[in-house]
Amino acid sequence: MSTSTAQAAPAVAPDPPRLAAADMAARLTAPFARGADRLPLVVRGTAVDPYDFQLHTAQFGVTPRPLYILQARKDVPAATTVTFGVRGGPALSLPLPDGLTAGTSVPLPDGTGILTGIQSGLAGGQEEWWRLTALLGTMGRLLWAVGWERDHLRRQLARTAAQRSLAHAYGAHLDRNGAGLGVVRAPGETDGAYRRRLTVARRWTLPTPAGLTAALNDAVGPIDGVADPLVLDDTDAELRRGLLPLRVAPLDLPPGQSVDLLGTIGTDLPRPPVEEVFHPGLLVTLSPFAAVHRPLPGTPEPLLVQPVVAAAIARLNLFASLSVVHAGYDPRAADARATGRAVLLSHDTIPSQRIAALAHWSGFDLVTHRTDGLVYAECAPGELLGMDTGDGVLPVDGTLTLTLRPLVPPPGSLVRWYVLRRGAGRGELVGPTEGASVVLRGKAAGRVVVVAELRLADLTASATRELVVRPVTLADNTAIGADGTLDPDPPRPMPPGEGLHPAFLVRHDDPAHAEYGTDAETRRMRREVAEHLDGLIALVPAATTGKLVVRRDLSATAGQLAKEARELRLSHPGLPLGTLGALAHRAGFSYVRVAGGVVTVAQEHQDPVRVTAPGIFRDVLPIGTTVPITVTPSPAEIGAAGVLGWSTGDGAAALLTTAPGTMSVRGEHGGPAWVQASYRMGDRTGAYQFTVRLRPELAGHTLPPATRALIIRLLEDLRPLGVEVVTRLLPGGNP
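Notes on the structure follow. From a predicted model like this one, the values you see are computed outputs, not experimental measurements. (Residues numbered from 1 in each chain as written. Predicted model: local features only at pLDDT ≥ 70, side-chain atom pairs only at ≥ 80, totals over all residues. Heavy atoms only, no water.)

This part takes up the overall build of the protein. A tally of helices and strands in the protein yields 14 helices and 45 strands. For the protein, buried positions account for 45% of its 735 residues. Restricting to contacts in the protein with at least 6 residues of sequence separation, those with at least 24 account for 67%. Total accessible area on the protein is roughly 36300 Å²; 56% of this is exposed by carbon and sulfur atoms. (Helix = DSSP H or I, 4+ residues; strand = E, 2+ residues; numbered from the N terminus. Buried < 20%, exposed > 50% of the residue type's maximum accessible area, 1.4 Å probe, protein only. Contact = heavy atoms within 4.5 Å. Areas by Shrake-Rupley, 256 points an atom, 1.4 Å probe, with all protein chains shown as cover.)

See below:
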């Protein structure tokens, strides 16, 4: 409860929401009352009613040192300065260059004395604009600091939602409302004038499919005795898509230049954030197998780095074999080497401008090509601890040893390990749960999360890894999902009318390891099914006798998944069904069931199109480089069943045709990019198109030239801007 000797507050406009600190303080128990005590002050005009802290002193036996909080009752304009009168001292000025939104608050300087007045230059009594609260204890200060963000986000959320309304939108938000109506703001037009124009524009009656159809039929009249003879169809055709993510990066980085993780090149780029905690005992020694060690004179040895840097150097080896590291952790350095988050690099055979670019390719967050020929490569803060988990897979009832990096934690530290449940997966630690390594036992199939937490005085660091527990066998009449859930629902069939065209099926042909029966259709299946089938064949032990028996239900009573070529029935003469089912689950099938003497596998629906760029490595496209891209299935395989379209986004790459029938992508500037190939299936229209045709009962009817011309002219007058009308199905003339 607040304490005050001030008079009752005058009536003002409705209060903004209470301070989050007040809400939290109301939930505290009695032992925290002194620290959370607060005193609401009363503002009248430009005066603050007299007050004191005698009740607090009498109740708790201490004289408080108040922290005053100024909260806005309504939105305060930018460049406002609030001036406070202070008893026995000079006036206090509090500039608010960005203003305040209603409900948000700022503190007055610590140690401010008794307040006697308040002025801000804002029209009206100051009680209409401000609310003052004195926080009388340390707990109140902490609660205000914690709750400030909630107060701020509450108001910002309300302001953001209000931008949908013309009455409340302003500035660029009002422009976005206008863009949706196709009405552009004139140069120098105020929000008020623009808002009035948009209000008028919203009263316009825009054409709709039903309105267009009615207008056409009313103008044309009956045809061959059929009323309302025309049908307008704006149903989009089915799209089958494939996406290729790319990262456009420089091929070389000139001396004196830097590049950040997004590909921005410059001379004064922002540095990654610094770590909140650090201890040199958590650094790892850079392996001589990962890089050549050639320390600069005076550089500490051995070369120590944080785990995120060691991982980035390992990725660099994929592009440049062994690089040369000249410096790692150096507490005297003025850059991120002071905490082991950066290294100095070069290469014995690759020019420095190229090794700098390759360091950027490898995921360093900031790379600088220094004028002395060395490359400075820095990572943003990551996990201070590393964890070796092998391949991250263990069987049910099997074990896996997990090891901390560094292997020898700092003296005086305590390391504890935890296993967290995620979905169906289960695991448990066997033996000690403290120390540099532990043993994990798999208990149930699925994913589990293991956390290692190190505590050293006030420092806490952790490493988190997700591991997979695989079943060794599946019991009869048991199914398992991709996440390890037992007896899940099978994948859902595709919606009616969205069946996959046969051109998107592939032929699986591995006679050395699989037997398909006599019906050739068994070999035809969805691409994702074929890929997982390849994975299953690779998991069958080489010494196993016999071949994998592959069947697809082609009968008239087959289920929908089998008709969509997303379901197979498997067996193997050399493997128990339970073992084969477990291997199928490990191969990645989203649904596996052992029942009826076979293993039934099924796969979730995925886009059947694949986009590849064989000329690039690890999805990195150098700036200025053009590489061909391919789509599978090809347009020749699709034929007349679909129309191929290409698109790209984010602006870092551009599409171009370098030869007839050949599409290529070119890196324009650094940053993420993507290329999409999509097939528009059937004879339906695409986006921003609609088709006009005759009713089915007029099949075979030919329109008179005059009637067809009238329809075309009407469509030209009535169609929405930016929408294409397809008339090729109207008989009697040219499309």
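Time to look at the pattern of salt bridges. When the charged atoms of two side chains lie near each other, side chains of opposite charge can form a pair. Inspection of every chain in the model, using the stated rule, returns 28 salt bridges. Through salt bridges that share partners, Arg 271, Glu 275, Arg 341 and Glu 378 make up one connected network. (Salt bridge = Lys/Arg side-chain N within 4 Å of Asp/Glu carboxyl O.)

Bringing the side chain of Thr 368 into the picture now. With respect to the helices and strands, the residue Thr 368 is situated in strand E19 (residues 366–369). At 2.7 Å, the side chain of Thr 368 and the side chain of Ser 258 are in polar contact. Those residues in contact with Thr 368 that sit more than four places away from it in its chain are Gln 257, Ser 258, Leu 374, Val 375 and Tyr 376. (Polar contact = N/O pair within 3.5 Å; in protein donor to acceptor, adjacent residues only side chain to side chain.)

Here we take up unusual backbone geometry. Cis rather than trans, the peptide bond between Arg 405 and Pro 406 has omega equal to 5 degrees. In this structure, Pro 406 sits in the loop between strand E23 (399–405) and strand E24 (414–422). A cis geometry characterises the amide bond from Thr 632 onward to Pro 633, with omega recorded as 0 degrees. Relative to the assigned elements, Pro 633 resides in the loop between strand E39 (626–632) and helix H13 (635–638). The residue Arg 618 is not glycine, and still its phi comes out positive at about 55 degrees.

The next subject is the sheet that holds strand E1 (residues 38–41). Reading across from one edge, E1-E9-E4-E7 is the order of the four strands in this open sheet, with antiparallel pairing throughout. Only two strands of the sheet have a single partner each, and these edge strands are E1 and strand E7 (105–107). Neighbouring strand axes in the sheet, compared pairwise and without regard to direction, differ in orientation by 25 degrees on average. The pairing of E1 with strand E9 (residues 130–135) spans four bridges and is classified as antiparallel. Looking at E9, one finds that Leu 41 is bridged to Leu 132. (Pairing = 2+ DSSP bridges. Axes fitted to C-alpha atoms, helices over the stretch in contact; angles between N-to-C directions.)

One pass over the full model with this rule turns up six aromatic pairs. Look at Phe 278 and Tyr 329: their rings are 6.1 Å apart centre to centre, the planes differ by 45 degrees, and that puts the pair in the tilted class. Taken as a pair, Phe 278 in the loop between strand E13 (265–266) and strand E14 (284–285) and Tyr 329 in the loop between strand E17 (323–327) and strand E18 (342–346) lie far apart in primary sequence, 51 residues in all. The class for Phe 278 is partly exposed, based on a relative accessible area of 25%. Taking the centre distance of 5.5 Å and the plane angle of 80 degrees together, the rings of Phe 319 and Phe 617 count as edge-to-face. On the criterion of sequence distance, the pair formed by Phe 319 in helix H8 (residues 307–320) and Phe 617 in the loop between strand E37 (610–612) and strand E38 (620–622) is long-range, its members being 298 residues apart. Given the relative accessible area of 19%, Phe 319 is considered buried. A residue is classified by how much of its surface remains accessible, and Phe 617, at 45% relative accessible area, is partly exposed. Lying over the aromatic face of Trp 129, Lys 74 brings its terminal NZ or CZ to 4.3 Å of the ring centre. (Phe/Tyr/Trp six-rings, centres within 6.5 Å; stacked < 30°, edge-to-face > 60°. Lys NZ or Arg CZ within 6 Å of the ring centre and 35° of its normal.)

Turning our attention to H8. Note: α-helices contain 3.6 residues per turn, so residues at a spacing of three or four share the same orientation. The first and last C-alpha atoms of H8 sit 20 Å apart over 14 residues, in line with the 20 Å expected at 1.5 Å per residue. Within the sequence span of H8, burial applies to Pro 307, Val 308, Val 309, Ala 310, Ala 312, Ile 313, Leu 316, Phe 319 and Ala 320. Positioned one or two residues after H8, Ser 321 has a phi angle of 50 degrees, which is positive. (Expected span 1.5 Å × (residues − 1).)

Let's shift gears to the environment of Leu 344. Topologically, Leu 344 is positioned in strand E18. Each C-alpha atom, one on Leu 344 and one on Leu 374, is 6.3 Å from the other, the two residues being 30 residues apart in sequence. Non-local contacts of Leu 344, meaning those with residues more than four positions away in its chain, are made with Leu 296, Val 324, Val 325, His 326, Ala 327, Arg 337, Arg 370, Leu 374, Val 375 and Tyr 376.

The sheet built from four strands is open, its strands ordered E22-E28-E27-E24 with mixed pairing. Taken across any chain shown, the strands that pair with only one partner, and hence form the sheet edges, are strand E22 (393–395) and E24. Taken over all neighbouring pairs, the strand axes of this sheet differ in orientation by 30 degrees on average, direction set aside.

Bringing the side chain of Asp 365 into the picture now. For Asp 365, the location among the structural elements is in the loop between helix H9 (352–361) and E19. Look at Asp 365: it is buried, it has no salt bridge, and the nearest opposite charge is Arg 315 at 6.9 Å. Excluding its chain neighbours within four sequence positions, the residues that come into contact with Asp 365 are Val 259, Asp 260, Leu 261, Pro 272, Glu 378, Cys 379 and Ala 380. (Lys, Arg positive; Asp, Glu negative; His and termini not counted.)

The biggest cluster of nonpolar side chains holds 32 residues, and the ones touching the most others in it are Val 343, Phe 364 and Val 367. For this core, the elements supplying multiple residues, two or more each, are H8, E18, H9 and strand E20 (375–378). The biggest single contributor to this core is H8, with eight residues. When sequence neighbours within four positions are dropped, the list of residues in contact with Phe 364 reads Leu 261, Val 309, Ala 312, Ile 313, Val 343, Ala 359, Ala 377, Glu 378 and Cys 379. (Core = buried A, V, L, I, M, F, W, Y, C linked by side-chain atoms within 4.5 Å.)

Following both chains from N to C, one finds H8 and H9 inclined at 125 degrees, their axes separated by 9 Å at the closest point. Our classification of the angle between H8 and H9 gives oblique. Between H8 and H9 lies a crossing whose hand is right-handed. For the pair H8 and H9, the contacting residues are Leu 316, Phe 319 and Ala 320 in the first and Ile 355, Leu 358, Ala 359 and Trp 361 in the second. For the contact of H8 with H9, the per-class residue count stands at seven nonpolar, no polar and no charged. (Parallel < 35°, antiparallel > 145°, perpendicular 65-115°, else oblique. Left-handed = near helix turned anticlockwise from the far one by under 90°. Nonpolar A, V, L, I, M, F, W, Y, C, P; charged D, E, K, R; others polar.)

With that out of the way, let us pick up the environment of Ile 712. Counting through the fold element by element, Ile 712 comes out in helix H14 (residues 705–718). By relative accessible area, which is 23% here, Ile 712 ends up partly exposed. Between the C-alpha atoms of Ile 712 and Val 725, which are 13 residues apart in sequence, the distance is 9.2 Å.

So, on to the packing of helix H10 (residues 527–539) against helix H12 (residues 577–587). Axis separation between H10 and H12 bottoms out at 8 Å; the angle between their running directions is 125 degrees. In this view, H10 runs oblique relative to H12, as classed from their interaxial angle. Seen from above, H10 lies across H12 with right-handed handedness. The segment H10 lies against H12, with His 532, Gly 535, Leu 536 and Leu 539 engaging Leu 580, Leu 583, Ala 584, Arg 586 and Ala 587. For the contact of H10 with H12, the residue count by class is six nonpolar, two polar and one charged.

Before going further, it helps to examine H9. Counting buried positions over the 10 residues of H9 gives seven, a clear majority of the element. Note on H9: the residue one or two positions beyond its end, Gly 363, has a positive phi of about 105 degrees.

Turning next to the pairing of E19. Here E19 shows no split at all, with Leu 366 and Thr 368 on one side and Val 367 and His 369 on the other all buried. As defined by bridge partners, strand E12 (residues 258–260) adjoins E19 across three bridges and the pair is classed as antiparallel. Within E19, the residue paired with Val 259 across the bridge is Val 367. Pairing between E19 and E20: four bridges, direction antiparallel. When the sheet's bridge partners are listed, Leu 366 is paired in E20 with Glu 378. The hairpin turn running from E19 into E20, its antiparallel successor, is five residues long, and Gly 373 in that turn takes a positive phi close to 95 degrees.

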